[in-house]
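Residue strings, one per chain:
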Amino acid sequence: MQEQLKQLQTEALEKVEQAQDLKALNDIRVAYLGKKGPITEVLRGMGKLSAEERPVMGALANEVREAIATAISTKQEHLEQVAVEEKLSKETIDVTLPGRPVKVGNHHPITAVVEEIEDLFLGMGYQIAEGPEVETDYFNFEALNLPKGHPARDMQDSFYITEELLLRTHTSPVQARTMQEHKGQGPVKIICPGKVYRRDSDDATHSHQFTQIEGLVVDESISMSDLKGTLEVFAKKMFGEEREIRLRPSFFPFTEPSVEVDVSCFSCGGKGCNVCKKTGWIEILGAGMVHPNVLEMAGFDSKKYSGFAFGMGPERIAMLKYGIDDIRHFYTDDVRFLKQFKRA
Ligand code: DAH
């Protein structure tokens, strides 16, 4: 019987040693230490032994059982450790794997042009002013020297909301609002970018909604030469250092005198081509000296203060600058168009 037990121990330890995984190990546990296992079997035969032999055998059987159990649990720990290591090694992240490309958006070309113009004027000491897109008739027209019934109101077909409220047709009302806030005290030096609305039929050069940037400087002894110098800096920055500007007499109710400003053609340099319609010049904005009525209505003493103002359309500037032939490209969200304007 002693032999039998020893034999069992050797056999079991050998199997434990060879066990490859936890399942095999558990099978061994059940086979050797379970109720129907060989050790239990041996112990059952103890009844036939003498009283002296019995405790010796019992102790031995327990020893064998203990040895097998210890071997199993040691092996189990080892197998578990191996399993964890294997899992960890399989789950390592390969940081050399190339990433998926991230699609980076870019500014809308109009935003880019507006920001470029803002940067230029901020650099010259201007502040950015804003006003509401739903505007009163007073600020959109009246405060700009366009009383009710003035024929020049027809130049800007409007979306009226009520008799007194409309979608602003230009950014000029921000002039009047800002001057009013200054309570007759100069200097005022602002640009006002924003959306404007006109009751136009959309085509290649018209849109019922577009963008404008207004400029206004009011101080003591501001003159036309200040306006011209400022716009020259602007034209050179936007269209190239070699550009020149010229002023042509024009009419706006809120400025006197009023001018239309042309830039020498950046395509032919002034010789005449298709871009400038053979004239050598391209119209880029409207401007003038702030009308005394406008200054007075906003609370400024027109004997002490004078000012210049200008208004431009970033769409037009962008179309000229980038050779875009249809204003609708800006609003139809075709990514193939938009992604061409990545900033450096
Ligand atoms: N508000 C004018 C328009 O939308 C543009 C303009 C012209 C603004 C002359 C001005 C200006 O400030 O002086 O047609």
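Note that this is a predicted model, so its numbers are computed, not measured.

### Considerations on the overall build of the protein
A count of helices and strands for the protein gives 11 helices and 9 strands. Here the C-alpha radius of gyration of the protein, 45 Å, is well above what a compact globule of 344 residues would show, namely 20 Å. Once local pairs closer than 6 in sequence are excluded, the contacts in the protein between residues at least 24 apart make up 67%. Accessible surface, the protein as shown: approximately 19600 Å² in total, 53% of it carbon and sulfur. Taken together, the 42 basic and 53 acidic charged side chains of the protein have centroids lying 4 Å from each other.

### Examining the site of the ligand
Lining the immediate surroundings of the ligand are 16 residues, of which His170, Ser172, Arg198, Gln212 and Glu214 lie closest. Take Arg198: an N or O atom from its side chain is 2.8 Å from an oxygen atom of the ligand. Here an oxygen atom of the ligand and a side-chain polar atom of Gln212 are 2.7 Å apart. Sorting the residues of the shell around the ligand by element identifies strand 5 (209-220), strand 8 (281-290) and strand 9 (305-312) as the ones contributing at least two each. Taken together, the residues of the shell around the ligand sort by class into 5 nonpolar, 9 polar and 2 charged.

### A short note on the UniProt feature "binding site: Mg(2+)" (unreviewed entry) in the protein
As recorded in UniProt, the sites labelled "binding site: Mg(2+)" (unreviewed entry) are Glu256. Structurally, Glu256 is set in strand 7 (residues 255-264). For Glu256, a relative accessible area of 48% puts it in the partly exposed group. Each residue touching Glu256, except ones within four places of it in the same chain, is listed here: Met289 and His291.

### Notes on the packing of helix 8 (residues 224-239) against helix 10 (residues 314-322)
Interaxial distance between helix 8 and helix 10 falls to 11 Å at its minimum, and their mutual angle equals 45°. In terms of their interaxial angle, helix 8 and helix 10 are classed as oblique. Residues Phe234, Met238 and Phe239 of helix 8 pack against Ile317, Leu320 and Lys321 of helix 10. Residues that form the contact of helix 8 with helix 10 fall into these classes: 5 nonpolar, no polar and 1 charged.

### A closer look at a negative patch on the surface
Together, Asp154, Asp157, Asp200, Asp202 and Asp203 make up a negatively charged patch on the protein surface. On the accessibility criterion, Asp203 (31% relative accessible area) is partly exposed.

### Notes on the side chain of Glu260
You can see Glu260 is positioned in strand 7. Although Glu260 is buried, it makes no salt bridge; Arg248 carries the closest opposite charge, 4.4 Å away. Within polar-contact distance, the side chain of Glu260 engages the side chain of Ser250 at 2.9 Å.

### Here we look at the sheet that holds strand 6 (residues 245-252)
Backbone hydrogen bonds are what pair the strands of a sheet, in a parallel or an antiparallel way. The strand order across the open sheet formed by 7 strands is 1-4-5-9-8-7-6, and the pairing between neighbours is mixed. The open sheet is flanked by strand 1 (127-128) and strand 6, the only strands paired with a single partner. Looking at chain direction, strand 7 and strand 8 are connected through 8 bridges and run antiparallel. Following the sheet pairing, Asp262 is matched in strand 8 by Glu283. In this fold helix 5 (residues 109-123) packs onto strand 1, strand 4 (188-197), strand 5 and strand 9, with an angle of close to 170° to the strand it touches most, strand 4.

### Some points on the pairing of strand 9
With 6 of its 8 residues buried, strand 9 lies for the most part within the structure. Across 8 bridges, the pairing between strand 5 and strand 9 is antiparallel. Looking across to strand 9, one finds that Gly215 is bridged to Phe310. As defined by bridge partners, strand 8 adjoins strand 9 across 5 bridges and the pair is classed as antiparallel.

### Re the environment of Glu118
Of note, Glu118 is situated in helix 5. Considered as a pair, Glu118 and Lys35 are 83 residues apart in the sequence and their alpha carbons are 89 Å apart.

### Brief notes about the packing of aromatic side chains
To describe a pair of aromatic rings, you give the distance between the ring centres and the angle between the ring planes. The full count for this structure, using the stated rule, is 12 aromatic pairs. Ring geometry for Tyr322 against Phe341: centres 5.1 Å apart, planes inclined by 70°, an arrangement best described as edge-to-face. Of this pair, Tyr322 sits in helix 10 while Phe341 sits in the segment after helix 11 (335-338), placing them 19 residues apart in sequence. Given a relative accessible area of 39%, Tyr322 falls into the partly exposed group.

Cut-offs used in this document
- Residues numbered from 1 in each chain as written.
- Predicted model: local features only at pLDDT ≥ 70, side-chain atom pairs only at ≥ 80, totals over all residues.
- Heavy atoms only, no water.
- Helix = DSSP H or I, 4+ residues; strand = E, 2+ residues; numbered from the N terminus.
- Rg over C-alpha atoms; globule rule 2.2 N^0.38 Å.
- Contact = heavy atoms within 4.5 Å.
- Areas by Shrake-Rupley, 256 points an atom, 1.4 Å probe, with all protein chains shown as cover.
- Lys, Arg positive; Asp, Glu negative; His and termini not counted.
- Charge placed at Lys NZ, Arg CZ, Asp CG, Glu CD.
- Near = heavy atom within 4 Å.
- Polar contact = N/O pair within 3.5 Å; in protein donor to acceptor, adjacent residues only side chain to side chain.
- Nonpolar A, V, L, I, M, F, W, Y, C, P; charged D, E, K, R; others polar.
- UniProt positions renumbered as here; feature names shortened; annotations may be inferred.
- Buried < 20%, exposed > 50% of the residue type's maximum accessible area, 1.4 Å probe, protein only.
- Axes fitted to C-alpha atoms, helices over the stretch in contact; angles between N-to-C directions.
- Parallel < 35°, antiparallel > 145°, perpendicular 65-115°, else oblique.
- Patch = residues over 30% accessible without salt bridge, like charges linked within 9 Å, V, L, I, M, F, W, Y side chains within 5 Å.
- Salt bridge = Lys/Arg side-chain N within 4 Å of Asp/Glu carboxyl O.
- Pairing = 2+ DSSP bridges.
- Phe/Tyr/Trp six-rings, centres within 6.5 Å; stacked < 30°, edge-to-face > 60°.

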